[in-house]
Amino acid sequence: MKPFLSIFILFISFISSGQSFTLPELRFSYDAYEQGIDAKTMEIHHSKHHQGYVRKLNKAVSESKLENKSLEDLMMYASYRTRSVRNNAGGHYNHTLFWEILTPTIENSSPGIINNNLERAINKSFGSMENLRKELSNAAAKRFGSGWAWLVVTPNKELVVSSSPNQDNPIMDVSDVRGIPILGIDVWEHAYYLRYQNKRGDYLSAIWSLLDWGVVSKKYAAALNNPLLVKIEKENWPEINAFHKVLAQTFHAAEKGDFKPIRALSGSLYAKAILLQDADIPKPLMNPEVSLALIRLEKKCFSLNKLIVKNAKDKSLMKMISAVHDVFHEVQGLCHD
Ligand code: MN
């Protein structure tokens, strides 16, 4: 090996130590999609926009010291991430999916056809392929501003159509509809403006003719068996997240001797505990132990709130909020077994 080359490789491995995300190759050349999307749009979209998400994601991940997290993990807990991690993790994931499901109808491109399982699932959820097309186009057309339209496998293994703003997606804990997307349509203007200008509808018709249903079928099969689907179902418990947010704001301050947050928020914490106890427990977590622990959590929060109303001393507050914290971790322990 030439010395110059080995120094270069050493340099590359040094700057890329730790995880870094890279821009995936397109399956075909930029001009191969011409029938639906012009070459210039494909080129800018891939080499500038997607590349930008990758670059900014690597920067944001390193700034947040999240290099050891997978892309899925970065998205799963989007509500806890910085704006930049959330936007760019979504941007990278969403575009990677988009390139995979597009195929031109040129020689040798051999777009795959839909398999029986996916066809059956589509007919079950939407009645027909044509209805799915209408629902997806509708979701994409109605998405205000920038965003995506999705075909999603939900945790109960059904197919639904949804849409999300910006670079969010259904894997994220901020999404109304949760699940694994198997088909995504980019409705940012950068995806179609050069040829279609403001005519998003024309772009959507063109996209439909570029979809590779063989790839989507494979993605459907993979999503059904993806452990992420069970994880999403377990974590799809907004009431426990809401409780955790208030507890985090109050408990850690109290540990450091600052009781102002808990004195101000004990009513809110108690209210969140009541909502949590009344809420549906995610199916995989449903068991009597969790239910009993949630009742105990509510009682402890009630007592804590009573102490604060009576203007009790910091020492007794500390004891009670620690008890709340212990029961909360017991609940979480029961959930993560
Ligand atoms: Mn895009």
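Trainee: Any chance you could explain the packing of helix H2 (residues 39–63) against helix H4 (residues 83–101) here in plain terms?
Mentor: Relative orientation and spacing of two packed helices are given, respectively, by the angle between their axes and the distance between those axes. The contact between H2 and H4 brings their axes to 8 Å, and the two run at 140 degrees. With respect to each other, H2 and H4 are oriented oblique. Read as a crossing pair, H2 and H4 show a hand that is left-handed. Contact residues: Met42, His45, His46, His50, Tyr53, Val54, Lys56, Leu57, Ala60 and Val61 in H2; Ser84, Val85, Asn87, Asn88, Ala89, Gly91, His92, His95, Thr96, Phe98 and Trp99 in H4.

Trainee: Help me understand the coordination of the manganese ion, please; the structure alone is not making it clear to me.
Mentor: Note on metal geometry: ideal angles are 109.5 degrees for four donors arranged tetrahedrally and 90 or 180 degrees for six donors arranged octahedrally. Around the manganese ion, the protein contributes the donor atoms His45 (NE2), His95 (NE2), Asp186 (OD) and His190 (NE2), at 1.9 to 2.1 Å from the metal centre. The class of histidine 95 is buried, set by a relative accessible area of 0%.

Trainee: Would you explain the sheet that holds strand S1 (residues 147–153) in this entry?
Mentor: Judged by pairing direction, the sheet is antiparallel, and its three strands sit side by side in the order S2-S1-S3 without closing on themselves. Here the strands that pair on one side only, and so sit at the sheet edges, are strand S2 (159–165) and strand S3 (180–186). Recorded for the sheet is a direction-independent mean angle of 25 degrees between the axes of neighbouring strands. Where S1 meets S2, seven bridges bridge the pair, whose relative direction is antiparallel. Within S2, the position partnered with leucine 151 by the bridge is valine 161. The strands that helix H5 (residues 116–126) touches are S1, S2 and S3; relative to S2, the one it contacts most, it runs at about 75 degrees.

Trainee: I keep staring at the layout of surface pockets and nothing clicks. Help me out?
Mentor: In this approach a probe as big as a water molecule rolls over the atoms, and the regions it shows empty are the leftover space. The space that makes up the second largest pocket amounts to roughly 220 Å³. Glu233, Asn236, Ile281, Pro282 and Lys283 are the residues nearest the centre of the second largest pocket, which is lined by 13 residues in total. Taken together, the residues of the lining of the second largest pocket break down into six nonpolar, three polar and four charged. Mapping the lining of the second largest pocket onto the domain boundaries places at least three of its residues in each of domain 1 (28–226) and domain 2 (237–336).

Trainee: I keep staring at the nonpolar core and nothing clicks. Help me out?
Mentor: Taken as a class, soluble globular proteins show a tendency for nonpolar side chains to be buried jointly. Counting residues in each nonpolar core, the largest one holds 67 residues, and the members touching the most others are Leu159, Tyr203 and Trp213. For this core, the element with the highest residue contribution is H4, accounting for seven residues. Apart from residues no more than four positions distant in its own chain, tyrosine 203 is found in contact with Phe98, Ile185, Asp186, Val187, Ala191, Tyr192 and Tyr196.

Trainee: For this particular structure, what's the right way to read the packing of H5 against helix H6 (residues 129–142)?
Mentor: Interaxial distance between H5 and H6 falls to 8 Å at its minimum, and their mutual angle equals 65 degrees. Taken together, the axis directions place H5 and H6 in an arrangement best described as roughly perpendicular. Handedness of the crossing formed by H5 with H6: left-handed. Packed against H5, whose contacting residues are Ile122, Asn123 and Phe126, the element H6 presents Met129, Asn131, Leu132 and Glu135 at the interface. Here the residues of the contact of H5 with H6 sort into four nonpolar, two polar and one charged.

Trainee: Would you mind showing me how to read the domain arrangement of the protein here?
Mentor: Interfaces are frequently sized by the accessible area removed from exposure as the parts join. By the assigned domains, the protein splits into domain 1 (28–226) and domain 2 (237–336). Between domain 1 and domain 2, the C-alpha centre-to-centre distance is 38 Å.

Trainee: What is the right way to look at the pairing of S1 in this model?
Mentor: As a general feature of sheets, a regular strand has side chains that alternate between the two faces. With seven of seven residues buried, S1 is to be regarded as a mostly interior element. Residues Gly147, Ala149, Leu151 and Val153 point to one face of S1 and Trp148, Trp150 and Val152 to the other, with burial holding for every one of them. Count of turn residues in the S1/S2 antiparallel hairpin: five residues, of which lysine 157 carries a positive phi of about 65 degrees. Bridge count between S1 and S3: six bridges; the pairing is antiparallel. Within S3, the residue paired with valine 153 across the bridge is isoleucine 180.

Trainee: Any chance you could explain helix H11 (residues 238–255) here in plain terms?
Mentor: Note on helix geometry: an α-helix contains 3.6 residues per turn, so any two residues three or four positions apart are oriented the same way. Over its 18 residues, H11 runs 26 Å from end to end, which matches the ideal 26 Å to within 8%, given 1.5 Å per residue. Approximately 30 degrees is the largest bend angle found in H11, and it occurs at leucine 247. Here H11 has its buried residues at Ile240, Phe243, Val246, Leu247, Thr250, Phe251, Ala253 and Ala254. Just downstream of H11 lies glycine 257, where phi reads positive at about 90 degrees.

Conventions and cut-offs
Residues numbered from 1 in each chain as written. Predicted model: local features only at pLDDT ≥ 70, side-chain atom pairs only at ≥ 80, totals over all residues. Heavy atoms only, no water. Axes fitted to C-alpha atoms, helices over the stretch in contact; angles between N-to-C directions. Helix = DSSP H or I, 4+ residues; strand = E, 2+ residues; numbered from the N terminus. Parallel < 35°, antiparallel > 145°, perpendicular 65-115°, else oblique. Left-handed = near helix turned anticlockwise from the far one by under 90°. Contact = heavy atoms within 4.5 Å. Donors = N, O, S within 2.8 Å, 3.2 Å for Na, K, Ca; no water. Buried < 20%, exposed > 50% of the residue type's maximum accessible area, 1.4 Å probe, protein only. Pairing = 2+ DSSP bridges. 1 Å grid on protein atoms, 1.4 Å probe; cavity = no way out; pocket = protein on both sides within 12 Å on 5 of 7 lines; lining within 4 Å. Points joined across faces, edges and corners; volume = space filled by probe spheres on them. Nonpolar A, V, L, I, M, F, W, Y, C, P; charged D, E, K, R; others polar. Domains from an automatic or database assignment. Core = buried A, V, L, I, M, F, W, Y, C linked by side-chain atoms within 4.5 Å. Expected span 1.5 Å × (residues − 1). Bend = angle between axes of the 7 residues up to and from the residue.

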